[in-house]
Amino acid sequence: MSFIKAIFKLLVLASVGVLVVLVLQNWMATKDYVFNRDDIAKLVKQYAGQDHEHAFTKVVVELRKRYPGRILPDEDLQWIFVNAGGWMGSMCLLHASLTEYLLLFGTAVDTSGHSGRYLVEISDTIISGTFRQWKEGTTKSEIYYPVFLLPQQVTPLFIKWVTPQLCSGLLGLGWWSMAKVSSHPPWALLWQTPCSAPRTS
């Protein structure tokens, strides 16, 4: 009798799990995001080819104008090292929530590594430097240059090579998008970001 109860409990738990996933998928497919990847790419492209520090400053100023209350104030912006999938760089988190994040990324050294898999649609817009990408299932890599929007669909695996002075704007949209960056910055920064740039929608 206890075996049948255990099986019944497992079936109920599995059914609830499937229902939760279906509800979340539907919500993610129909929700309005704060940021739009094409708008972010268009903004970042205006400053491509310029000195990356100058470009980053201009991008942040423009983002604050377009998305008031969504971008961290200057006193809360921090450049921190990121070592993800073997590649090394530095990032500055501008906005984060459970479903989207926006950050600036750069590196001053040659670096490479894999992207990992995650349930987030990520897009990079290159400001300076180059980005080489080898997609799973292919035998050739592609090189991307400034002004290029690099779409990365949900869940693929990439091998990345990044040259010195690569600088880009990075937007992630999807469930648990914070997972992409959560293991790298200090937890205090992650707590600070949602509190400093609260969502109102």
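In the nomenclature of an unreviewed UniProt entry, the chain is known as Sigma non-opioid intracellular receptor 1 of Oryzias latipes. In UniProt, the chain has this text filed under Subunit (unreviewed entry): "Homotrimer." UniProt, in its Function (unreviewed entry) section for the chain, records the words "Functions in lipid transport from the endoplasmic reticulum and is involved in a wide array of cellular functions probably through regulation of the biogenesis of lipid microdomains at the plasma membrane. Regulates calcium efflux at the endoplasmic reticulum."

*Asks:* Residue-level account of the overall build of the chain, with values.
*Replies:* Along the backbone of the chain there are five helices and ten strands. Across the 201 residues of the chain, 42% fall into the buried class. Here the contacts in the chain between residues at least 6 apart in sequence split such that 71% fall between residues at least 24 apart. Total accessible area on the chain is roughly 11100 Å²; 63% of this is exposed by carbon and sulfur atoms.

*Asks:* Could you give an account of the pattern of salt bridges, with specific residues and numbers?
*Replies:* Going through the model one piece at a time under the given rule, you end up with three salt bridges. A salt bridge links arginine 37 to aspartate 38, with the nearest nitrogen and oxygen atoms 3.8 Å apart. The salt bridge involving arginine 64 is made with aspartate 74; its shortest N-O contact spans 3.0 Å. With arginine 64 in helix H3 (residues 52–66) and aspartate 74 in the loop between H3 and strand S1 (79–84), this residue pair connects regions lying ten residues apart in the sequence. Its relative accessible area of 52% is what places aspartate 74 among the exposed residues.

*Asks:* Provide a residue-level description of the pairing of strand S7 (residues 141–144), including the pertinent values.
*Replies:* Alignment of strand S6 (residues 131–135) against S7, held across four bridges, turns out to be antiparallel. Residue pairing across strands places tryptophan 134 opposite serine 141, the latter belonging to S7. A loop of five residues connects S6 with S7, the two strands running antiparallel in sequence, and glycine 137 in this loop sits at a positive phi of about 90°.

*Asks:* Run through the side chain of histidine 95, naming residues and quoting values.
*Replies:* Note on placement: histidine 95 falls in strand S2 (residues 87–96). A distance of 2.8 Å separates the side chain of histidine 95 from the backbone oxygen of arginine 70, its partner in a polar contact.

*Asks:* Just give me the short version of the environment of serine 90, but keep the residues and values in it.
*Replies:* Looking at the secondary structure, you find serine 90 in strand S2. In this structure, the C-alpha to C-alpha distance between serine 90 and threonine 107, residues 17 residues apart in sequence, is 6.0 Å. When neighbours within four sequence positions are excluded, serine 90 is seen to be in contact with Trp79, Ile80, Phe81, Val82, Leu104, Phe105 and Gly106. A polar contact of 3.3 Å, which involves the side chain of serine 90, links it to the backbone oxygen of isoleucine 80.

*Asks:* Break down the confidence of the model for the chain for me, citing the residues and quoting the values.
*Replies:* Residues at a pLDDT of 70 or more form 71% of the chain, whose mean pLDDT is 75. By mean pLDDT, helix H4 (residues 179–182) is the weakest element of the chain at 40, and H3 is the strongest at 91. Confidence drops under a pLDDT of 50 for residues 175–201, and excluding neighbours within four residues, the segment shows 71 contacts in the predicted structure.

*Asks:* Kindly report on the nonpolar core, identifying the contributing residues and their values.
*Replies:* Core analysis: the largest hydrophobic core is formed by 18 residues, its most contacted members being Leu63 and Leu94. Elements with a contribution of two residues or more to this core: helix H2 (37–45), H3, S2 and strand S3 (100–107). With twelve residues, the next largest nonpolar core counts Val82, Ala84, Leu93 and Ile122 among its residues.

*Asks:* So what about H2? Which residues, and what values?
*Replies:* Note that an α-helix has 3.6 residues per turn; residues three or four places apart therefore point the same way. Within the sequence span of H2, burial applies to Ile40, Ala41, Leu43 and Val44. Taken end-on, H2 shows its buried residues confined to a sector of 165°, consistent with a single buried face. Its side-chain oxygen 2.8 Å from the backbone nitrogen of aspartate 38, asparagine 36 forms the N-cap of H2.

*Asks:* Give a detailed account of the packing of H2 against H3, specifying residues and quantitative values.
*Replies:* Contact geometry for H2 and H3: axes closest at 10 Å, N-to-C directions at 140°. Taken together, the axes of H2 and H3 lie oblique to each other. Crossing handedness for the pair H2 and H3: right-handed. Across the interface between the two elements, Asp39, Ile40, Leu43 and Val44 from H2 touch Val59, Glu62, Leu63 and Arg66 from H3.

Conventions and cut-offs
Residues numbered from 1 in each chain as written. Predicted model: local features only at pLDDT ≥ 70, side-chain atom pairs only at ≥ 80, totals over all residues. Heavy atoms only, no water. UniProt positions renumbered as here; feature names shortened; annotations may be inferred. Helix = DSSP H or I, 4+ residues; strand = E, 2+ residues; numbered from the N terminus. Buried < 20%, exposed > 50% of the residue type's maximum accessible area, 1.4 Å probe, protein only. Contact = heavy atoms within 4.5 Å. Areas by Shrake-Rupley, 256 points an atom, 1.4 Å probe, with all protein chains shown as cover. Salt bridge = Lys/Arg side-chain N within 4 Å of Asp/Glu carboxyl O. Pairing = 2+ DSSP bridges. Polar contact = N/O pair within 3.5 Å; in protein donor to acceptor, adjacent residues only side chain to side chain. pLDDT = per-residue confidence, 0-100. Core = buried A, V, L, I, M, F, W, Y, C linked by side-chain atoms within 4.5 Å. Arc of directions from axis to C-beta. Axes fitted to C-alpha atoms, helices over the stretch in contact; angles between N-to-C directions. Parallel < 35°, antiparallel > 145°, perpendicular 65-115°, else oblique. Left-handed = near helix turned anticlockwise from the far one by under 90°.

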